[in-house]
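Summary of structural features
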Amino acid sequence: MSLVRVENLGKSYNAQTKVLKDVSFNVEAGEFVSIIGPSGAGKSTLLRCINRMVEIDEGNVVFDGQDVGSLNKKELRKMRTNIGMIFQHYNLVPRLSVIENVLHGRFGYKTTLEGILGKFTEDEKEQAFYLLKKLGIEDHAYKRCDQLSGGQQQRVGIARALIQDPKIVLCDEPIASLDPNASKVIMDYLKSITMELNITCIVNLHQVEIARDYSDRIIGLSKGGIVFDGSSYKLTTDSTDLIYGTTTPKVQKRQLVTV
Amino acid sequence: MEAISISPHIKRKANGKISIKTGNKSERVMKWTISTLTLLTIMAFLFFNYDGLDLAKAIPETAYNLKVMFLEPGLSHFTWGAAFYQVGITLGLAFLSTILGAVIAFFLALMAATNLSNKWISKTVRIFVAIVRAVPTVLWVLIFAIAAGLGSEAAILGMLFHSIAYLVKAFSEAFEEVDKGIMEALKATGASWWHIVTHAVVPSTFTYLLSWTFLRFEINFSVAVAMGAAAGAGGIGFELFMASGFYFDMREVGLITYMILLLAIILELMSTRLKNRYFPATAK
Amino acid sequence: MNEKVMRNQRKWQTILFAGIIIALTYLSSDITDFNIVHGIATLPDAAIWIFSNLFVTQESLERLPKILGKLAETILMSIAATTTGTVVALFLGLMGSKTTGTSNALAMFARFIASVARNIPVVAWALILLLSFGQNSVTGYLALFVGSVGFLTRAFIESIDEASQSAVEALRATGATYFQIVYKAVIPQCLPQMISWILFMIETNIRSATLVGILTGTGIGYSFDLYYKTLNYNAVALVTLCIVLSVIVIELMSNHIRKVIL
Ligand SMILES: Nc1ncnc2c1ncn2[C@@H]1O[C@H](COP(=O)(O)OP(=O)(O)O)[C@@H](O)[C@H]1O
Ligand SMILES: [Mg+2]
């Protein structure tokens, strides 16, 4: 059975425009899927429907056999512990230490009071250090997050998602604010760690090349609808044209010649 | 997992548990501040003077008084006309101390701004202002009341002092943010100090000066109410004092409170709009 | 042409504005019976009076222990009003902020309470409370407390609104509860700002405490009033000096703390 099943998903924030229209796809356990599309296509919204950070209007999302839309508050929290999330702007608490931010990933497993008092077990702390070491930032553990570079902050974000012990991580443009070198480091870590721990991964990206290099499968989203869904190597220029609504490559070539 | 627990990067607390705090100075100082204030609060409640306090009587009585005030407001010792006249006096006291304060503060701020003045003059003005600010307004008013004779002069002079102190700080900060380039360009053309002030500094800071002045007016309104009640400065504050402390007339207290509240909220709404418009980032 | 019209318009606006200010000044002087010439003329006399009467003598120094006791009462009262006000303001602030608020009705309620509490002057609260609570520290404390709640709630709402929403989203995605999010993502971000406001409130409250003290007969305000009414100006000078010194010391300490934490 698929880990994530999205069935005829529809979503709108207001009456005028539908952000997602009749979106359906499945993601198998262990897959590394990229969602590409121009900005405003609905990528972030789609991702947030999977862990119900935004409410689902039409259709169903089934995660690990549970209908996400029908969960109550408590069940939803419990489900979210199984879903890690990584953000474009890292979304760390700036004034807290790296290690504290990583441990925030454990809140879903704790009672409110344990969380407020910051009661973490020694095992959890050691696990946090283990992840930081794996991500190569163990020596920054006691620094404040806002003293780290973007690439380092994103690695803290990854550690926070991984300490949840998730079945899947959802990454919303994880490298959009990073330079090419840092981007490569982050994508390499994401790929190798999710493979090693057998975690499913869905990544929103806007760079086609990176999606092709790293993912098993690509979903192309345009104006809230899926226009491409297949293995990475099947993505042709025609399909990217369809996704981005461009017809540029040939024209550009001709222009280049004339110039 | 075994190897990690002896990692050189892990810091441990005295009890051997792994520490997770950054332990930097700012965090320590915040902790220290919070604990000190908590301690002082406990001390305060221990050392309070509780003479004549009977909570079992005071709480229901106050609740009753508040009910009468807010649900059955009315005037009995003077007329609506007189009430508006008294409000006018309070507004007048506030307005005069603000406007005079703004004019004086303008010149003092020119002396206090580091980019327009020399270091010593600036320092002297700042120290003077800090001392003036440290004396509560009511003390200034009461001191002037004997020194200059009772009357609106004492109230306005007393309120003036704090207005000046407040506005000098605000104005001089505004002056210091004037673009250096503009001033240099003018200086290069041989413009005098006064030319620079009137042609570069004032035009580029005028809206700020006005906004700050209005903010001070808002403050001065409530100060004027307070001076009326505590220092006999007249106006609606004094009527409040009479209604409550002399006639014990809760209905009148209620009506006067409503009048003050209404004006204060109008002034606050206006100054909030000014703040959002002219200083969106540093609204304080 | 167009520019000329605009400049003309600006000129008229300026003249109109100046006219209004002058008219209001005149009106205010009239209604308050204020004579600016007389006001200025009294300044030298006032200065002379201050210098020849307001100084500390050996005799007034004997009252120092008593005055210091009253000063301590005032300072402690101000701190207690601020800290306890902070606790209430924190809840109202969380309710009133867009970031952490749970319902619109509650947010409106919080903002309404805060607005009423801060816009009714502290003197009014003092006078009302005095009637039933009597002449003791609790009356002054309560009056300052209400004002502190009003002011701090507004300040806290602003600070919480300014805190970045992104960490809140991240914690929500991990399955954290509301209070976990508030305590671990929102408060750590606004804490320095909040402490700065608390320190500011303490400074303000010490100044107001003098005023409240005069009205309610408590703390240093009572000492001042007592010596003032008995014409013991040397003691008045000593009281004023004590207030000034304590306000300056507290301000210096606050500024130092602010420098480190902000
Ligand atoms: N919280 C929101 N409220 C209203 N409209 C939104 C909200 N979030 C996104 N949108 C709108 O939904 C559309 C899709 O946005 P998004 O999912 O962020 O696209 P992408 O991530 O592909 O750039 C955009 O037109 C955006 O303006
Ligand atoms: Mg997006």
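Looking up chain B in an unreviewed UniProt entry gives the name Phosphonate transport system permease protein, with the organism given as Psychrobacillus insolitus. Looking at the Sequence similarities (unreviewed entry) heading of the UniProt record, one finds this comment for chain B: "Belongs to the binding-protein-dependent transport system permease family." Of the comments in the UniProt record for chain B, the one headed Subcellular location (unreviewed entry) reads "Cell membrane".

In the nomenclature of an unreviewed UniProt entry, chain A corresponds to Phosphonate transport system ATP-binding protein from the organism Psychrobacillus insolitus.

With the rule as written, the count across this model stands at 25 aromatic pairs over all chains. Ring geometry for F246 of chain B and Y247 of chain B: centres 5.4 Å apart, planes at 85 degrees, overall edge-to-face. Residue classification places Y247 of chain B among the partly exposed residues on the basis of a relative accessible area of 37%. Aromatic rings pair up to connect F45, F48 and Y50 of chain B together with Y141 and F145 of chain C into one cluster.

For the rest of this paragraph, the subject is unusual backbone geometry. Residues and elements named next belong to chain A. Unlike most non-glycine residues, N8 shows phi in positive territory, near 50 degrees. Relative to the helices and strands, N8 resides in strand β1 (residues 4–11). Using a relative accessible area of 44% as the deciding quantity, one classes N8 as partly exposed. Backbone geometry places E173, a non-glycine residue, at a positive phi of 50 degrees. If you trace the backbone, E173 turns up in the loop between β7 (168–172) and α7 (180–196).

The next thing to look at is the interface of chain B and chain A. Chain B puts 18 residues into the contact, and the matching count from chain A is 19 residues. Note on chain B versus chain A: buried area summed over both sides is about 1,700 Å², and carbon and sulfur give 61% of it. For K21 of chain B, the salt bridge is made with E100 of chain A, and the minimal N-O distance between the two is 3.0 Å. Taken together, the connections running from chain B to chain A amount to seven residue pairs in polar contact (both at pLDDT 80 or more). Classifying every residue of the side of chain B that touches chain A by side-chain character gives six nonpolar, eight polar and four charged.

What counts and what doesn't
- Residues numbered from 1 in each chain as written.
- Chains lettered and ligands numbered in written order.
- Predicted model: local features only at pLDDT ≥ 70, side-chain atom pairs only at ≥ 80, totals over all residues.
- Heavy atoms only, no water.
- UniProt positions renumbered as here; feature names shortened; annotations may be inferred.
- Phe/Tyr/Trp six-rings, centres within 6.5 Å; stacked < 30°, edge-to-face > 60°.
- Buried < 20%, exposed > 50% of the residue type's maximum accessible area, 1.4 Å probe, protein only.
- Helix = DSSP H or I, 4+ residues; strand = E, 2+ residues; numbered from the N terminus.
- Contact = heavy atoms within 4.5 Å.
- Buried area = accessible area lost by both parts, 1.4 Å probe.
- Salt bridge = Lys/Arg side-chain N within 4 Å of Asp/Glu carboxyl O.
- Polar contact = N/O pair within 3.5 Å; in protein donor to acceptor, adjacent residues only side chain to side chain.
- Nonpolar A, V, L, I, M, F, W, Y, C, P; charged D, E, K, R; others polar.

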